[in-house]
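So you can see what is in the structure, the chains are spelled out below.
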Amino acid sequence: MEQKDLTPESPVVREPEPVTEEERLRRARPGLKDWLELRLGWWGFVRKNLDEPMPPGVGWWQTLGNLVLTLLVFQFVTGIALAMYYSPSPDTAYQSVKHITENVTLGSFVRGLHSYGSSAIMIAIVLHILRTFFWGSYKRPRELTWVVGSVIFMIMLGFSFTGYLLPWDQKAYWATVVGTRIIATVPLVGESLLVLVRGGEEVGALTLTRFYAIHIMLLPAGLIALTGLHLYLVRRHHIAGPVTPVKGRPRPFYPSQLFKDAVVVLVGVGAVVFLAIAMPPGLEGVADPTGTDFAPRPEWYFLGLYELLKIMPPGYEVLATFVIPGIISVGMLILPWLDRSRSRHPGKRQLIIDLAMAVILLIGLCTLKGILETPPPHTPSEASHSAAAPETATMAER
Ligand code: HEM
């Protein structure tokens, strides 16, 4: 039998490419720009992202992620600026915010950017979640992108809950009293958790220090790490195309998609800047723990939860404070494994779409009810006759 020759072919020896004298010198002693590029590979990184292929059919809906990212950067920058003047103690917090608003150059504007920015980010992030949900983008291989995103969303809620207390005015104080009280309804460990979060039995100095530390250290650290991971995963698995494939070839991110992103970012940031100038955020009276007639007004994106609590019959509050939010949060986290249908098309995911619509409707209607029934600022509570009254009174007693 004929034996095959298994010896590897001798390697091809290539002649080195001729290098010009200038190129040789550049490599030997590069200028600062070239040296940085050689060490960091920064331009290569930017180029790679600009060349990222976008499947045909991708367009305006895919701009929301970058809008969230830009608004986040704004929140960090304005937050750092505010932290330069803010003083987190019950004796000084209110005065320091008043000082920022009334005396510091651009203080009111920066405060406005931070305050409206937090609402804008919530709207953008909810739209981003809805778009990725309806496009079925959480399915294989993007399960982890979705899970990391879900945790980011919870961190964002944490930011807003802790930030709301910082001005230490009546609105901040009473919303936190009611908000933290909700923690006590967690079965078995509720009361201990309440004391842990408040730093004592009541909302006071330790609550403020604790919320400030969480707001400026714990949550930002988690958010930066998870946002980095989220973006890495988005790049690793690339953006999903439309649910019904569109004919055509993928196009690079630059220039077409970058242009759309820039337009949406300009509109989003523009709206925040406009509101910060036209309607600078106010400040109510300093927190008064002895007053019992203040109607708590949580931030608008917590109103849904608060309304749900108000409509619950006595004895069933735990449904609104723990059971329903818990089911929705866990459902969101494990969604990629709950919905095992192969298709990303909404028409072929009827059950999960119906369930999501029910949740969206519940949250939407409760939030709307809350917005319509929220008393205007500075109005003492009329809630003494409403369903929230026992809650308010109980809070005041604590
Ligand atoms: C800090 C907050 C977030 C940032 C900066 C961010 C950023 C982005 C960006 C830039 C993209 C690609 C462009 C786009 O699809 O819009 C993306 C995609 C994605 N995001 Fe987010 N995101 C955030 C939060 C979330 C949340 C809360 C979720 C869901 C719970 C989520 C789920 C996803 C998924 C599944 C994709 C892949 C989309 C696809 O391939 O079609 N993200 N994100």
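Each remark here, short or long, concerns the structure printed above.
Here the structure is a predicted model, which is why all the values come from computation and not from measurement.

(A) Structural detail: the environment of Gln 95. Locating Gln 95 in the fold gives a position in helix H5 (residues 93-102). For Gln 95, a count of 13 C-beta atoms within 10 Å gives the class partly exposed. Placed 72 residues apart in sequence, Gln 95 and Pro 167 show a C-alpha to C-alpha distance of 8.7 Å.

(B) Quick peek at the nonpolar core. Residues Val 68, Leu 71, Ile 121, Ala 124, Trp 168 and Ala 172 are the most contacted members of the largest nonpolar core, which totals 42 residues. Contributing elements (two or more residues each) for this core: helix H4 (64-83), H5, helix H6 (107-134), helix H7 (143-165), helix H8 (170-183), helix H10 (205-237) and helix H11 (253-278). Here this core gets eight residues from one element, more than from any other, and that element is H6. Beyond its immediate chain neighbours, meaning those up to four positions away, Ile 121 contacts Val 68, Leu 71, Leu 72, Gln 75 and Met 156. Ranked by size, the runner-up nonpolar core spans eight residues in total, among them Tyr 306, Leu 308, Leu 309 and Cys 366.

(C) Up close: unusual backbone geometry. With an omega of 5°, the peptide bond running from Arg 140 to Pro 141 counts as cis. Positionally, Pro 141 belongs in the loop between H6 and H7. Put simply, Tyr 254 and Pro 255 share a cis peptide bond, and its omega is 5°. Mapped onto the elements, Pro 255 comes out in helix H11. Non-glycine residue Leu 106 carries a positive phi angle of around 65°. As for its placement among the helices and strands, Leu 106 is situated in the loop between H5 and H6. For Leu 106, a count of 11 C-beta atoms within 10 Å puts it in the exposed group. One non-glycine residue, His 238, lies in the positive phi region at around 60°.

(D) Just the packing of H6 against H11, in detail. Where H6 meets H11, the axes come as close as 8 Å, and the angle between the chain directions of the two elements is 140°. Judged on the interaxial angle alone, H11 and H6 are oblique. Once H6 is placed against H11, the crossing between them reads as right-handed. When H6 is examined against H11, the residues Phe 109, Gly 112, Leu 113, Tyr 116, Gly 117, Ala 120 and Ala 124 are found in contact with a partner set consisting of Gly 268, Ala 271, Val 272, Val 273, Leu 275, Ala 276 and Ile 277. Classifying every residue of the contact of H6 with H11 gives 11 nonpolar, three polar and no charged.

What counts as what
Residues numbered from 1 in each chain as written. Predicted model: local features only at pLDDT ≥ 70, side-chain atom pairs only at ≥ 80, totals over all residues. Helix = DSSP H or I, 4+ residues; strand = E, 2+ residues; numbered from the N terminus. Buried ≥ 20, exposed ≤ 12 C-beta atoms within 10 Å, placed from the backbone. Core = buried A, V, L, I, M, F, W, Y, C linked by C-beta atoms within 7 Å. Contact = placed C-beta atoms within 7 Å. Axes fitted to C-alpha atoms, helices over the stretch in contact; angles between N-to-C directions. Parallel < 35°, antiparallel > 145°, perpendicular 65-115°, else oblique. Left-handed = near helix turned anticlockwise from the far one by under 90°. Nonpolar A, V, L, I, M, F, W, Y, C, P; charged D, E, K, R; others polar.

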